[in-house]
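Summary of the model geometry
What follows is the residue order along each chain.
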Amino acid sequence: MIIAALDRYYDCLANMENSPLIPDGYSKVNISYSICLTESGELKGLIPRFKKIIEKNKEKEVPLEEVFPERLEISATKANFLEHRAKYIFGFNVDKKNNCFVIDKNAEESFISFVEATEIFNEIDSPLAKAIYGFSQKWKPAEEINNPILIGNIKEFLNAKFTYCLDSDVTSFAHRDKAILEKWEEINSNQSSEHSMGYCTVIGEYLPIAKIHKNLKGIPGAMASGANIVCCKEDSSHSYGQQSGYVASISEKVMKRYTAAFNYLASSKKNKYKLGDMTLLFWAETPDRADDYAEVFAFFNGFTYNDNNAVSENLKNCMEAFAQGKLPDIDAIGLDSNTKFYILGLKPNASRLSIKLFYYNSFGKIMENVKDHLEGIRLYENQKNVPKIYQIMSETVSPKSNDEPNPALESQLITSVVKGSMYPDSLIANLIIRIKTDQDSENNPFIKINDARVGAIKGYLNRKQKTSKKGELITMALNTESKDRAYLCGRLFALLEALQKNAVGDVNSGIKSRFFGSACSTPAMVLPRLIRLSQNHINKLENHLFWEIEISGIIDAIEGDFPKTLSIEEQGRFILGYYQQNKYIYTKKEK
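Presented here is an overview of the structure given in this document. (Residues numbered from 1 in each chain as written. Predicted model: local features only at pLDDT ≥ 70, side-chain atom pairs only at ≥ 80, totals over all residues. Heavy atoms only, no water.)

Looking now at the pairing of strand β2 (residues 33-37). Counting buried positions along β2 yields five of five residues, so the element is predominantly enclosed. Here β2 shows no split at all, with Tyr 33, Ile 35 and Leu 37 on one side and Ser 34 and Cys 36 on the other all buried. Summarising the sheet, β2 and strand β3 (residues 43-48) pair through five bridges and their orientation is antiparallel. The residue bridging Leu 37 from the neighbouring strand is Leu 43, located in β3. Count of turn residues in the β2/β3 antiparallel hairpin: five residues, of which Gly 41 carries a positive phi of about 100°. Where β2 meets strand β8 (residues 162-166), five bridges bridge the pair, whose relative direction is parallel. Bridge assignment links Leu 37 to a residue of β8, and that residue is Leu 166. (Buried < 20%, exposed > 50% of the residue type's maximum accessible area, 1.4 Å probe, protein only. Helix = DSSP H or I, 4+ residues; strand = E, 2+ residues; numbered from the N terminus. Pairing = 2+ DSSP bridges.)

What follows is the structure, encoded as structure tokens:
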């Protein structure tokens, strides 16, 4: 299903105006230098191939991206048709400790492979091809290890990629040479015919079957050379006499299409977001305004929070409306709410990619689910900064640690948001643990209890209530009519804390820092004691009657003894009661 979706997206990319796809049999390479050769193949110099870009408000130089004959994606030592890697071309490795070139066994084997691969260039009717062949025959790594042209580029040598040109024409490059490319087309067409035939399991046609699938690149944490989602290397994976990629029975045609579509998505900033150790790819199945669909989805989930200024004015207006709880009129801005939209979550695992999430639906339905999520975690009217997914996840770990949020929880949360399904139980459990154990600081009084933590708890509780039909819905504002005992206990704790502050001012160790966690878990053990202590505070205040009425009103509403223990969900209601009562007190005071 995933491969079929990517195969269809390839058609969307192909039909786009200014399609980003490159021809079959070619790939993109970031070229740092052009190797300048004489017609006889002698090295004359290296010509830089960089461009300047602005990244994070700073100017930096990056290699130029060029289209080359397709690169090999194998672990064995084997040169490409048009080799671009320094180790193969020059026969050196780098000793980083001593900052010098070395010729080890790997470098020797790589250079030998390069020499063998370039023999065919002697058959090509092109001065540049002949020069590359001449270079491979004349170059002696042992004699050139201190070559002054190369010695000044040791630090960037191994990571640099190279093309070739003649000293008589430094603007004509090997990867654009007509005769060289014609020879590559001939070789590539012969390679494509060397496959077993079979029925493709994706499109059902009788076609050549791919034995090895191209690497999928651009996923953080995976191997630099790429990884796979279709890979059968072990004998245990062989089935019905089929081995390697033949087990999957995916045609060469589909393999090339789905890997090209995947690699485009993984290279696009508008279609990719890293959430913990999971990478999300998302796309609309349409060639029309595809970037706008991805942009809208990314913004509403907080995936582009560092790049909000880059969006169009039309979309920005739509986003501002959404931030106030209004669902944007998708059709009004030229997007079709019926367009299929896909979300794919991946996690690297050595040379493979694990699928953590795959979901698709109409774009309108997914955006409705996202809106329900944002409405569910909204705590008060006109709340402009509704917590994003990454903000909620950051609240599940201690602010004092360098730990990353639980990746499994992250994938479960984003799945719940886009599907509109129940939030994971571990979400509320993690947030409550943090609330009970973390402490506010002098500089930040909102570590323990803040909008992201409380909003996520509210969203969980209300979604659980709608599913189970048990308990009360948590309202946006303070609910003075609520009979929920846990909610009332939270309200009472907020009143007792406010009473202490009014009576004695801010103290180093108030009841919130000392008793909140235990009161949240076992109200019956803590609240009676705090009520007794509160009498001393009440006696100090002129408006003592107001506090007595407020406190006694909540105690009466609890009806009976305080709960001995509260479940995780009840502790969530305690926290909501505390938060809303606290906000009511101080909002009223500000007015």
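Take a nonpolar patch on the surface next. On the surface, Met 197, Tyr 199 and Tyr 206 cluster together into a nonpolar patch covering about 370 Å² of accessible area. Inspection of the secondary structure puts Tyr 206 in strand β11 (residues 206-208). Look at Tyr 206 and you get partly exposed, because its relative accessible area is 48%. (Patch = residues over 30% accessible without salt bridge, like charges linked within 9 Å, V, L, I, M, F, W, Y side chains within 5 Å. Areas by Shrake-Rupley, 256 points an atom, 1.4 Å probe, with all protein chains shown as cover. Salt bridge = Lys/Arg side-chain N within 4 Å of Asp/Glu carboxyl O.)

Attention now moves to the pattern of salt bridges. The final tally for this structure, using the stated rule, is 22 salt bridges. Of the charged contacts, one joins Arg 8 and Glu 285 as a salt bridge, the two residues approaching to 3.0 Å between their closest N and O atoms. Of this pair, Arg 8 sits in helix α1 (residues 2-14) while Glu 285 is found in the loop between β13 (278-284) and α10 (290-300), placing the two residues 277 residues apart along the sequence. On the basis of relative accessibility, which here comes to 23%, the residue Glu 285 falls in the partly exposed class. Each of Glu 395, Arg 434, Asp 438 and Arg 453 takes part in salt bridges that share partners, so that together they form one network.

The strand order β12-β13-β14-β15 describes an open sheet built from four strands, whose pairing is antiparallel. Edge positions in the open sheet fall to β12 (272-275) and β15 (352-362), since each of these has one partner strand only. Within this sheet the neighbouring strands show an average axis-to-axis angle of 20°, counted without direction. Where β13 meets strand β14 (residues 340-349), six bridges bridge the pair, whose relative direction is antiparallel. (Axes fitted to C-alpha atoms, helices over the stretch in contact; angles between N-to-C directions.)

Ordered in space as β1-β5-β4, the three strands form an open sheet in which the pairing is antiparallel. Looking at strand neighbours, the two that pair on one side only are β1 (26-31) and β4 (50-55), the edges of this open sheet. Each strand of the sheet is rotated relative to its neighbour by a mean of 40°, with strand direction disregarded. Bridge count for β1 against strand β5 (residues 58-69) is six bridges, and the pairing is antiparallel. Its bridge partner being in β5, Ser 27 is matched across the sheet by Phe 68.

The next point concerns the pairing of β15. Every regular strand shows the same layout, with side chains that alternate between the two sheet faces. The sheet contact formed by β14 and β15 spans 10 bridges and is antiparallel. Within the sheet, the bridge partner assigned to Gly 345 lies in β15 and is Leu 357. In this antiparallel pair of consecutive strands, β14 and β15, the connection spans two residues, and Ala 350 shows a positive phi of 55°.

Taken as a whole, this structure holds 35 aromatic pairs when the rule is applied. Ring centres of Phe 81 and Phe 121 lie 5.2 Å apart, and the angle between their planes is 35°; this geometry places the pair in the tilted category. Pair noted here: Phe 81 is in the loop between β5 and α2 (86-90) and Phe 121 is in the loop between α3 (105-117) and α4 (127-138), with a separation of 40 residues, a long-range link. Judged by centre distance (6.3 Å) and plane angle (55°), the rings of Phe 493 and Phe 574 are tilted. One end of the pair, Phe 493, is in helix α17 (residues 485-504); the other, Phe 574, is in helix α21 (residues 568-590), and 81 residues separate them in sequence. Taking relative accessible area as the criterion, Phe 493 reaches 0% and is therefore assigned buried. Under the relative-accessibility criterion, Phe 574 is labelled buried at 0%. (Phe/Tyr/Trp six-rings, centres within 6.5 Å; stacked < 30°, edge-to-face > 60°.)

It is worth spelling out the packing of α1 against helix α9 (residues 252-267) at this point. Running from N to C, α1 and α9 point in directions that differ by 75°, and their axes come no closer than 8 Å. Classified by the angle between their axes, α1 and α9 sit roughly perpendicular to one another. Packed against α1, whose contacting residues are Ile 3, Leu 6, Asp 7, Tyr 9, Tyr 10, Asp 11 and Leu 13, the element α9 presents Val 254, Arg 257, Tyr 258, Ala 260, Ala 261, Phe 262, Tyr 264 and Leu 265 at the interface. Class assignment of the residues belonging to the contact of α1 with α9 gives a composition of 12 nonpolar, no polar and three charged. (Parallel < 35°, antiparallel > 145°, perpendicular 65-115°, else oblique. Contact = heavy atoms within 4.5 Å. Nonpolar A, V, L, I, M, F, W, Y, C, P; charged D, E, K, R; others polar.)

Honestly, that's just the spatial picture; any functional story needs more than this.
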